Amino acid sequence: MEWFFEGLGTELVSMIVGLFLGAGAGVIAGYKIGINKSVLRQNQKAGTDSKQKQIGNKNKQDMGKIILTGDRPTGKLHLGHYVGSLRRRVELQNAGDFDRMFVFMADVQALTDNADNPEKIRQNIIEVALDYLSVGLDPEKCTLFIQSQIPELAELTTYLMNLITVSRVQRNPTVKTEIKMRNFEANIPLGFFCYPVSQAADIALFKATTVPAGEDQEPMIEVTRELVRRFNQTYS
């Protein structure tokens with residue numbers, strides 16, 4: 001079952017970083033894909049509260065409806081991926097209902113339980129990118145990018161980690177299930193334990209208004225809502 005979480009309220013009032021949507025592209029295995037590397041730090045200028053509010057409202061209007069989705073490149077994609085998500089992504093891309101669409105390869109998150117085999121992740125990035133292109137994802141219509149190529153995601157993850165407790169992450173049922181599946185009960189990698197915060201940074205930085213996700217990911221979306229609200233309450 002695929003859920004659509006809309007209106008997540010992920011507009012950060014005091015954005016540490018901002019996204020500049022340029023025409024930058026990258027090349028993987030000879031295929032041009034739209035990797036946007038132009039993530040720029042917003043200029044923090046002095047101004048009145050009213051001016052800051054006007055700027056915030058204008059940015060929100062300019063961004064429009066944004067969809068964010070992706071995969072952890074831990075292996076080759078298969079028929080199940082196509083039926084479960086890839087086909088739907090192509091439909092969403094071609095429908096034109098969204099102002100911007102981002103599809104990414106979450107290599108940083110893939111390393112959280114594959115840290116001893118980085119070459120596996122490197123190779124699978126290429127495989128997943130080629131699969132994206134082969135099923136019909138079009139760089140002219142959506143932006144394809146590699147998570148590790150946006151260092152500001154790691155920066156925002158660090159800031160968000162200060163706004164959540166270990167006990168809150170431990171209560172997340174999805175985290176509990178994933179830890180058990182990987183036999184991490186006795187020795188949990190810290191990066192893996194904190195990946196809900198990394199997911200929250202993905203959604204917040206790209207100001208996604210829609211996140212296609214399985215029902216099991218609802219607790220992760222709730223963590224994102226909590227972190228964004230807390231960030232805004234603390235730093236706005």
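Data block above holds the structure.
Source: prediction; values computed, not measured.

K.L.:
In this structure, what is going on with the pattern of salt bridges? I would like to understand it.
P.N.:
Counted under the stated rule, the structure contains eight salt bridges. The salt bridge involving R72 is made with D113; its shortest N-O contact spans 3.1 Å. Within this pair, whereas R72 is found in the loop between β6 (66-71) and α2 (79-95), its partner D113 is found in the loop between α3 (107-111) and α4 (118-135), the two being separated by 41 residues in sequence. On the accessibility criterion, R72 (27% relative accessible area) is partly exposed.

K.L.:
Hey, could you run me through a nonpolar patch on the surface in this one?
P.N.:
Together, L79, Y82 and V83 line one region of the surface with nonpolar side chains, adding up to about 290 Å² of accessible area. Structurally, L79 is set in helix α2.

K.L.:
Honestly, the pairing of strand β7 (residues 100-105) in this entry has me stumped. Any pointers?
P.N.:
Every other side chain in a regular strand lies on the same face of the sheet, so the side chains alternate between the two faces. Across the six residues that make up β7, a large majority, five, are buried. Pairing of β6 with β7, which is carried by six bridges, proceeds in the parallel orientation. Within β7, the residue paired with D71 across the bridge is M105. With α2 bridging β6 and the parallel β7, this β-α-β connection has right-handed handedness. Note that β7 and strand β8 (residues 143-146) share four bridges and pair parallel. Looking at β8, one finds that F102 is bridged to T143.

Rules used in this analysis
Residues numbered from 1 in each chain as written. Predicted model: local features only at pLDDT ≥ 70, side-chain atom pairs only at ≥ 80, totals over all residues. Heavy atoms only, no water. Salt bridge = Lys/Arg side-chain N within 4 Å of Asp/Glu carboxyl O. Helix = DSSP H or I, 4+ residues; strand = E, 2+ residues; numbered from the N terminus. Buried < 20%, exposed > 50% of the residue type's maximum accessible area, 1.4 Å probe, protein only. Patch = residues over 30% accessible without salt bridge, like charges linked within 9 Å, V, L, I, M, F, W, Y side chains within 5 Å. Areas by Shrake-Rupley, 256 points an atom, 1.4 Å probe, with all protein chains shown as cover. Pairing = 2+ DSSP bridges. Right-handed = clockwise from strand over helix to strand, strands pointing away.

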